[in-house]
Amino acid sequence: MLQSVLIRLARQVLQSVLTALMSQFSLVEDVILSPTRADLQAVTGGSIWRGDGADAFAQELTSIMIPNVGTIGTLIKTKHTNLERAADIITTADNQVSQVVNGLADTFASIY
């Protein structure tokens, strides 16, 4: 019984962590990456800035910032996937333990 409560609590905590990870991913995508891409488009289109400085800025965004922010997003998604797998493993292990315990309980009940 205590084990079941602990497993349920662990699942709730894990779900909270998964939700927080996806929130962070959305933050990276919506607040950082999308506006940066829009700014890059405006700079490369020549509508807000022109010249060597604009070209260098666009190059920095394209070669450094956007790939690195994209890597952060990928890492967040990977952590999310790995935690989902861990949750599946916990569920499978809990089910297997329950089956063994129930089997032993049935065996002892038939003896007594």
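Summary of the structure given here. (Residues numbered from 1 in each chain as written. Predicted model: local features only at pLDDT ≥ 70, side-chain atom pairs only at ≥ 80, totals over all residues. Heavy atoms only, no water.)

## Digging into the overall build of the protein chain
Phase 1: Helix and strand content of the protein chain: two helices and zero strands.
Phase 2: The C-alpha radius of gyration computed for the protein chain amounts to 25 Å, which surpasses the reference 13 Å derived for 112 residues by more than 25%, pointing to a less compact arrangement than a globule.
Phase 3: Dimensions of the protein chain, computed from the C-alpha atoms along their principal axes, are close to 90 × 20 × 15 Å.
Phase 4: Classification of the 112 residues of the protein chain by burial places 20% in the buried group. (Helix = DSSP H or I, 4+ residues; strand = E, 2+ residues; numbered from the N terminus. Rg over C-alpha atoms; globule rule 2.2 N^0.38 Å. Buried < 20%, exposed > 50% of the residue type's maximum accessible area, 1.4 Å probe, protein only.)

## What to know about helix 2 (residues 52–111)
Phase 1: Taking 1.5 Å per residue as the helical rise, helix 2 with its 60 residues ought to reach 88 Å, and the 87 Å between its terminal C-alpha atoms agrees with that figure.
Phase 2: The axis of helix 2 is deflected most strongly, by about 40 degrees, at Leu61. (Expected span 1.5 Å × (residues − 1). Bend = angle between axes of the 7 residues up to and from the residue.)

## Concerning the pattern of salt bridges
Phase 1: Overall, the coordinates contain two salt bridges when judged by the stated rule.
Phase 2: Its salt-bridge partner being Arg11, residue Asp94 comes within 3.5 Å of it at the nearest N-O pair. Of the two residues, Asp94 sits in helix 2 while Arg11 sits in helix 1 (residues 2–44), which places them 83 residues apart along the sequence.
Phase 3: For Asp94, a relative accessible area of 14% translates into the label buried.
Phase 4: Its relative accessible area of 33% is what places Arg11 among the partly exposed residues.
Phase 5: One salt bridge in this structure joins Arg37 and Glu29, with 3.9 Å as the shortest N-O distance.
Phase 6: You can call Arg37 partly exposed: its relative accessible area is 43%. (Salt bridge = Lys/Arg side-chain N within 4 Å of Asp/Glu carboxyl O.)

## Describing the nonpolar core
Phase 1: Counting residues in hydrophobic clusters, the biggest one holds 12 residues: Leu21, Phe25, Val28, Leu33, Leu40, Val43, Ala54, Ala58, Leu61, Ile66, Val69 and Ile76.
Phase 2: Contributions of two or more residues to this core are made by helix 1 and helix 2.
Phase 3: With sequence-adjacent residues up to four places away left out, Ile76 is seen in contact with Leu21, Gln24, Phe25 and Val28. (Core = buried A, V, L, I, M, F, W, Y, C linked by side-chain atoms within 4.5 Å. Contact = heavy atoms within 4.5 Å.)

## Quick notes on the packing of aromatic side chains
Phase 1: Evaluated as defined, the whole model comprises one aromatic pair.
Phase 2: Ring geometry for Trp49 and Phe57: centres 5.3 Å apart, planes at 40 degrees, overall tilted.
Phase 3: Classification of Phe57 by relative accessible area gives partly exposed; the value is 33%. (Phe/Tyr/Trp six-rings, centres within 6.5 Å; stacked < 30°, edge-to-face > 60°.)

## A word on the environment of Gly53
Phase 1: Locating Gly53 in the fold gives a position in helix 2.
Phase 2: A relative accessible area of 39% places Gly53 in the partly exposed class.
Phase 3: Each C-alpha atom of the pair Gly53 and Ser4 lies 62 Å from the other, and the pair is 49 residues apart in sequence.

## With respect to the side chain of His80
Phase 1: In this structure, His80 sits in helix 2.
Phase 2: Its relative accessible area of 13% is what places His80 among the buried residues.
Phase 3: Excluding its chain neighbours within four sequence positions, the residues that come into contact with His80 are Leu18, Leu21 and Met22.

Nothing here speaks to function; it is all geometry.
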